[in-house]
Amino acid sequence: MSIQPITIDYLFSGSIVVTMNPSCAIIENGGVAVKGEKIVWVGEMAHAGSRFKARQVLEMKDKVIIPGLINAHGHWAMTLFRGMVEDCTLDKWLAKIWRVEAEAISEENVTAGSQLAMVEMIRSGTTCAADMYWHYLPTTRIAQEAGFRIFSGPSFADIQGFEDYRHTNEAIAIAYIDTFKNAPLVHCCIQAHSTYMTNADILNQVAKLSADHNLVFVTHASESLWEIDLVDEKWGKTPIQVLDQFGLLGTHTLLAHCVHLSDDEISRLAETGTSVVHCPTSNLKLSSGIARVADLVEAGVNVAIGTDGAASNNDLDLFSEAQLAALMQKGVSGDPTVLPTQKVFAMLTIDGARALGIADKIGSIEVGKLADLVVVDFSTANLTPCYDPYANLIYALSAADITHVMINGQMVMKDRELRTLDEEAIKAKVRKIAEDIRGM
Ligand SMILES: [Zn+2]
């Protein structure tokens, strides 16, 4: 008796599959089947037999399929300010950025900057990214149009002179959540800039919103010593203690940076299940310091990786971020066994998904999960030979080795050609905006 083949949309065939499933299985001569937005099969091609009738078969010889990367912290439209402010401390950097933002931040400009960010992220293997910025509503819409997975939401802050743009409120927040709660590419969260740019009213409001709507809460915390002093002056506590006081630590909290933490604070983050997103380039560039990532991981804290904005990085390449994260911890700890390659790759994928509260949907290649997949060409000189795919991914890969990117079952880059964003038009637009910014 013959069995009818199952019709699927894509069959990636004949590659190494780095699954990041619970046992971190790596499948040689593997394949992945995609139907609609989901992964419906993953395994050895020898076992695929004739069970699938695929609309498209992609022969993946010498290629490696990995889960799409997750950029857990960023400010997309800050690509507009890439390379604009260099060689200064966080306080001076912020002063300059905020002055220019006051003039340059329009919906049109944010849209162009965010589109440029998506081009760069897709090209470097990112399929889902967090954004915290003004005009988050249009940014969410253009992410949907581009087929890009966005983690975003109302962003609260108390910045004098910026009330019109930034000062969101409960009604605006709820309208956003209602609009996107069932959108397949949008994952809503509640954000507040930091404990130094908010007040008790805002912190109570965000705590209530994130609890009422079961959404992840995101904020910057303990990034620099300047911030620690500022928060001490304002609250008589550390940023972590302030968040704890407002009930804002827990499995639904994601803290960006966490560079300056005491042993007690690390224990508290572990005890409460709070996630941290590490942004090594930004921390080094602004001399904020080096986060105790190896200690956080050792204590059991879930740590993801983010690029932060392009104004302090200056690119959005998560692979180079991961390499730096690993090297920094080995260098400062004097222990080369900390942050092994498989763990660092987990931080880019499944741990990132956990930090965003969506580990049941993305972060690994498993049946039933959404098809966010990246294909890497391992035949390039810098990836030859391959003893261990994780070692090549973390320490030898260049973004140019990435050939295909699929998000939610849609191919957004095929053979390095972008299919949902007009890269040349976007770059031309951003160059024009930069001409105006130069005069500010
Ligand atoms: Zn940030």
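Remember, it's a predicted structure, so these values are computed and weren't measured experimentally.

Caption draft 1: Structural detail: the coordination of the zinc ion. Protein coordination at the zinc ion comes from His73 (NE2), His75 (NE2), His220 (NE2) and Asp308 (OD), with a distance range of 2.1 to 2.5 Å. For the zinc ion, the 4 donor atoms in the first shell make angles of 84 to 171 degrees at the metal, a pattern classed as irregular.

Caption draft 2: Region of the structure containing the packing of helix H2 (residues 107-123) against helix H16 (residues 423-438). As a packed pair, H2 and H16 sit with axes 9 Å apart at the nearest point and diverge in direction by 130 degrees. Overall, the two elements H2 and H16 adopt an arrangement that is oblique. Judged by the twist between their axes, the crossing of H2 over H16 is left-handed. Contact residues: H2 offers Glu108, Asn109, Ala112, Gly113, Gln115, Leu116, Val119 and Arg123, while H16 offers Glu423, Ile426, Lys427, Lys429, Val430 and Ile433. Taken together, the residues of the contact of H2 with H16 sort by class into 6 nonpolar, 3 polar and 5 charged.

Caption draft 3: Quick look at the layout of surface pockets. In this model, the largest pocket occupies a volume close to 480 Å³. Taken together, 27 residues make up the lining of the largest pocket; nearest its centre are Lys181, Val186, His187, Ile358 and Lys361. When residues of the lining of the largest pocket are traced back to their parent elements, those giving at least two are helix H5 (170-180) and strand E10 (186-192). The class makeup of the residues in the lining of the largest pocket is 12 nonpolar, 9 polar and 6 charged. Mapping the lining of the largest pocket onto the domain boundaries places at least three of its residues in each of domain 1 (6-67 + 361-416) and domain 2 (69-355).

Caption draft 4: Quick peek at the pairing of strand E12 (residues 253-257). In terms of burial, E12 is largely enclosed, as 5 of its 5 residues are buried. Bridge count between strand E11 (residues 216-221) and E12: 5 bridges; the pairing is parallel. The residue of E12 that forms the bridge with His220 is Ala256. For E12 and strand E13 (residues 275-278), the ladder comprises 3 bridges, and the chain directions are parallel. Paired with Leu254 across the bridge in E13 is Ser275. Tracing the backbone out of E12, into helix H9 (residues 263-272) and back to the parallel element E13 gives a crossover that is right-handed.

Caption draft 5: Quick look at the nonpolar core. Ranked by size, the top nonpolar core spans 115 residues in total, and within it Ile66, Phe81, Leu269 and Phe345 carry the most contacts. Of the residues forming this core, the biggest block, 8 residues, is contributed by H2. Here this core spans two domains, and each of domain 1 (6-67 + 361-416) and domain 2 (69-355) adds at least three residues to it. Not counting residues within four places of it along the chain, the set of residues in contact with Phe345 comprises Val18, Met20, Ile66, Pro67, Leu69, Phe319, Tyr390, Leu393 and Ile394. In terms of nonpolar packing, the next biggest core, distinct from the first, is built from 20 residues, Ala256, Ile358, Ile362 and Leu370 among them.

Caption draft 6: The arrangement of the domain arrangement of the chain in detail. Once the domains are mapped, the chain shows domain 1 (6-67 + 361-416) and domain 2 (69-355). Here the C-alpha centre of domain 2 lies 29 Å away from the C-alpha centre of domain 1. At the junction of the two partners, domain 1 supplies 30 residues and domain 2 supplies 31 residues. Where domain 1 abuts domain 2, roughly 2,500 Å² becomes buried across the two surfaces, and 69% of that area is made up of carbon and sulfur atoms. Taken as a group, Ile394, Tyr395 and Ile407 account for 27% of the area that domain 1 buries against domain 2, more than any other trio of residues on that side. Run the count over domain 1 and domain 2 and you get 1 salt bridge. For Arg149, the salt bridge goes to Asp372, with nearest N and O atoms at 2.7 Å. Our count for the contact surface shared by domain 1 and domain 2 stands at 6 residue pairs in polar contact (both at pLDDT 80 or more).

Caption draft 7: Molecular detail of helix H6 (residues 200-212). Here H6 spans 18 Å end to end across 13 residues, near enough to the 18 Å set by a 1.5 Å rise per residue. For H6, the full list of buried residues reads Ile202, Leu203, Val206, Ala207, Leu209 and Ser210. Angular distribution of buried residues about the axis of H6 spans 165 degrees; they occupy a single face of the element. Of the residues in H6, the exposed ones pointing more than 90 degrees away from the buried face are Asp201 and Ala211.

Caption draft 8: Geometry of unusual backbone geometry. Each neighbour pair has its own omega, and for Asn313 with Asn314 the value is 15 degrees, a cis peptide bond. Positionally, Asn314 belongs in the loop between strand E14 (303-305) and helix H12 (318-333). For Ser222, which is not glycine, the phi dihedral falls at a positive 55 degrees. With phi around 45 degrees, Cys258 is a residue other than glycine that occupies positive phi space. Mapped onto the fold, Cys258 is located in the loop between E12 and H9. Looking at Cys258, the relative accessible area reads 1%, which means it is buried.

Caption draft 9: Here's a closer look at H16. The end-to-end C-alpha distance of H16, which contains 16 residues, comes to 22 Å, matching closely the 22 Å that a straight helix rising 1.5 Å per residue would cover. When H16 is considered as a whole, its buried residues turn out to be Glu423, Ile426, Val430, Ile433 and Ile437. Down the axis of H16, the smallest arc covering the buried residues is 95 degrees, so these residues share one side. Residues of H16 that are exposed and angled more than 90 degrees away from the buried face: Glu424, Arg431, Lys432, Glu435, Asp436 and Arg438.

Cut-offs used in this document
- Residues numbered from 1 in each chain as written.
- Predicted model: local features only at pLDDT ≥ 70, side-chain atom pairs only at ≥ 80, totals over all residues.
- Heavy atoms only, no water.
- Donors = N, O, S within 2.8 Å, 3.2 Å for Na, K, Ca; no water.
- Tetrahedral: all angles 85-135°; square planar, octahedral: opposite > 155°, others 65-115°.
- Axes fitted to C-alpha atoms, helices over the stretch in contact; angles between N-to-C directions.
- Helix = DSSP H or I, 4+ residues; strand = E, 2+ residues; numbered from the N terminus.
- Parallel < 35°, antiparallel > 145°, perpendicular 65-115°, else oblique.
- Left-handed = near helix turned anticlockwise from the far one by under 90°.
- Contact = heavy atoms within 4.5 Å.
- Nonpolar A, V, L, I, M, F, W, Y, C, P; charged D, E, K, R; others polar.
- 1 Å grid on protein atoms, 1.4 Å probe; cavity = no way out; pocket = protein on both sides within 12 Å on 5 of 7 lines; lining within 4 Å.
- Points joined across faces, edges and corners; volume = space filled by probe spheres on them.
- Domains from an automatic or database assignment.
- Buried < 20%, exposed > 50% of the residue type's maximum accessible area, 1.4 Å probe, protein only.
- Pairing = 2+ DSSP bridges.
- Right-handed = clockwise from strand over helix to strand, strands pointing away.
- Core = buried A, V, L, I, M, F, W, Y, C linked by side-chain atoms within 4.5 Å.
- Buried area = accessible area lost by both parts, 1.4 Å probe.
- Salt bridge = Lys/Arg side-chain N within 4 Å of Asp/Glu carboxyl O.
- Polar contact = N/O pair within 3.5 Å; in protein donor to acceptor, adjacent residues only side chain to side chain.
- Expected span 1.5 Å × (residues − 1).
- Arc of directions from axis to C-beta.

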